[in-house]
Amino acid sequence: MSTTPTTRLILETLLPHLKVAAAYARFLQPKIAALPAKEQGKNFFAAALTDADVAIQNMVEVVLLGSFPEIRFFGEEYESSRNTKYFRATELGLQGDYLVTLDPIDGTKFYMDGHSNYQIILSILNADDFEAVVAISPGENVYFYAFRGEGTFKGTLQMNLEACTLLQITSPKPAILLGWGMNAIAPLLKDNYQVIDIATDYSSEIQIPNLNGILSGDLSGAVIRAGKFIDGAALAFLAKEAGYLVTTLDGSTLPPLYTCKNYSLPGLIVAASKSVHQDLLSATQSLLV
């Protein structure tokens, strides 16, 4: 009878391979050529698909199937993968039956345009909440990870898990990132914050903070319309473990994952302090009334 591997064992097994994937992504970035874009409406970030996305997911799938053949797995590029059909399941299971998720290149548009703040995000989900997340930034030689209830840790790609140090963000910049479709609240925040609207402020020439700017201290907060398990929700988990406040857009606590649909939490507010959270909540309330 098989036993469920621990979250630490899963992460320790995958981390060396994720570091190889990071080196591959870094090498390939200046050479990358886009594959045909995915159909995702007008969101050009979600529409970008590169060779690196597919190759990194294939690599992780091979390691998972070889190391933990009974694990559940959902990767962003499941439609392009030839391995999806070999996993026992791609959706959340019962408590204790973990689902591993992967965003092979989060911030694909950043990646394609030569910016450094793209990342590889791998998560381990339980039925109710995240159990662990690792977010690797190949272009910045850094990674962050967290296990539920143990804080968020930071290290270089040369470090193993034990060598990383507890992340402490003491004075984040007074900047707020607004995710796709949240630009309507910008006027309510601009007097007190530098407001970065991902849809209108993105530039292929000048790098702006991505959502992972929460972990580097480049952002005091963020508001996103939906927290997809593979990226936004995973980064919010890292922020929460680092001491940030994370709620839904109406200020409620996050719902259990098993109540969510389409591998996504509802809209999220991520804030470095109670005062920042109150400012963001007041602004978002104007959209909900």
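All figures in this text were calculated on a predicted structure; none of them were measured in a lab.

Caption draft 1: Geometry of the overall build of the chain. A tally of helices and strands in the chain yields 8 helices and 14 strands. Rg of the C-alpha trace for the chain: 18 Å, near the compact-globule value of 19 Å for 289 residues, within the 12% margin. Overall, the chain is about 55 × 40 × 40 Å in size when its C-alpha atoms are taken along their principal axes. For the chain, with 289 residues in total, the buried portion stands at 53%. Within the chain, residue pairs in contact and separated by at least 24 positions form 60% of the contacts whose partners lie at least 6 positions apart. Between the centroid of the 20 positive side chains of the chain and the centroid of its 29 negative side chains there is a distance of 1 Å.

Caption draft 2: How the structure looks around unusual backbone geometry. The residue asparagine 262 is not glycine, and still its phi comes out positive at about 55°. For asparagine 262, the location among the structural elements is in the loop between strand 12 (245–248) and strand 13 (264–265). Even without being glycine, tyrosine 263 reaches a positive phi, approximately 55°. Residue position: tyrosine 263 is located in the loop between strand 12 and strand 13.

Caption draft 3: The arrangement of the sheet that holds strand 10 (residues 221–224) in detail. Taken together, 5 strands build an open sheet; the order of strands is 9-8-10-14-12 and the sheet is mixed. Strand pairing shows two members of the sheet lacking a second neighbour, strand 9 (194–197) and strand 12, which therefore form its edges. Across the sheet, the mean angle separating the axes of adjacent strands is 15° when strand polarity is ignored. Pairing between strand 12 and strand 14 (residues 268–271): 4 bridges, direction antiparallel. Directly across from valine 246, in strand 14, lies its bridge partner valine 270.

Caption draft 4: How the structure looks around the environment of proline 16. Within the secondary structure, proline 16 sits in helix 1 (residues 7–28). Each C-alpha atom of the pair proline 16 and isoleucine 269 lies 33 Å from the other, and the pair is 253 residues apart in sequence.

Caption draft 5: Expanded view of the nonpolar core. Core analysis: the biggest nonpolar cluster contains 40 residues, and Phe130, Ile214 and Leu238 have the highest contact counts within it. Sorting the residues of this core by element identifies strand 3 (119–125), strand 4 (130–137), strand 5 (142–147), strand 8 (175–178), helix 6 (213–216), strand 10, helix 7 (232–241) and strand 14 as the ones contributing at least two each. In contact with leucine 238, not counting residues within four places along its chain, are Val133, Ala135, Phe144, Tyr145, Ala146, Thr152 and Leu215. Formed by 38 residues, the second largest nonpolar core is a distinct cluster that contains Leu15, Ala22, Tyr111 and Tyr143.

Caption draft 6: The packing of helix 1 against helix 3 (residues 51–67), seen in detail. Contact geometry for helix 1 and helix 3: axes closest at 10 Å, N-to-C directions at 165°. Judged on the interaxial angle alone, helix 3 and helix 1 are roughly antiparallel. In the packing of helix 1 onto helix 3, the handedness of the crossing is right-handed. Along the contact surface, helix 1 presents Thr13, Leu14, His17, Leu18, Val20, Ala21, Tyr24, Ala25 and Leu28, while helix 3 presents Asp51, Ala52, Ala55, Ile56, Met59, Val60, Val63, Leu64 and Ser67.

Caption draft 7: Region of interest: the side chain of serine 137. Summarising the element assignment, serine 137 is placed in strand 4. Beyond its immediate stretch of four places on either side in the chain, serine 137 contacts Tyr118, Gln119, Val142 and Asn212.

Caption draft 8: Quick look at the sheet that holds strand 3. What the 7 strands build is an open sheet, ordered 1-2-3-4-5-6-7; its pairing is mixed. Since the sheet does not close on itself, it has two edges, and those belong to strand 1 (72–75) and strand 7 (165–166), each with one partner. Pairing of strand 1 with strand 2 (residues 99–106), which is carried by 4 bridges, proceeds in the parallel orientation. In the strand pairing of strand 2, glycine 75 is matched with leucine 102. Where helix 7 meets the sheet, its contacts fall on strand 2, strand 3, strand 4, strand 5 and strand 6 (152–156), and the angle it forms with strand 4 comes to roughly 100°.

Quick notes on the rules
Residues numbered from 1 in each chain as written. Predicted model: local features only at pLDDT ≥ 70, side-chain atom pairs only at ≥ 80, totals over all residues. Heavy atoms only, no water. Helix = DSSP H or I, 4+ residues; strand = E, 2+ residues; numbered from the N terminus. Rg over C-alpha atoms; globule rule 2.2 N^0.38 Å. Buried < 20%, exposed > 50% of the residue type's maximum accessible area, 1.4 Å probe, protein only. Contact = heavy atoms within 4.5 Å. Lys, Arg positive; Asp, Glu negative; His and termini not counted. Charge placed at Lys NZ, Arg CZ, Asp CG, Glu CD. Pairing = 2+ DSSP bridges. Axes fitted to C-alpha atoms, helices over the stretch in contact; angles between N-to-C directions. Core = buried A, V, L, I, M, F, W, Y, C linked by side-chain atoms within 4.5 Å. Parallel < 35°, antiparallel > 145°, perpendicular 65-115°, else oblique. Left-handed = near helix turned anticlockwise from the far one by under 90°.

These values are about where atoms sit, not about what they do.
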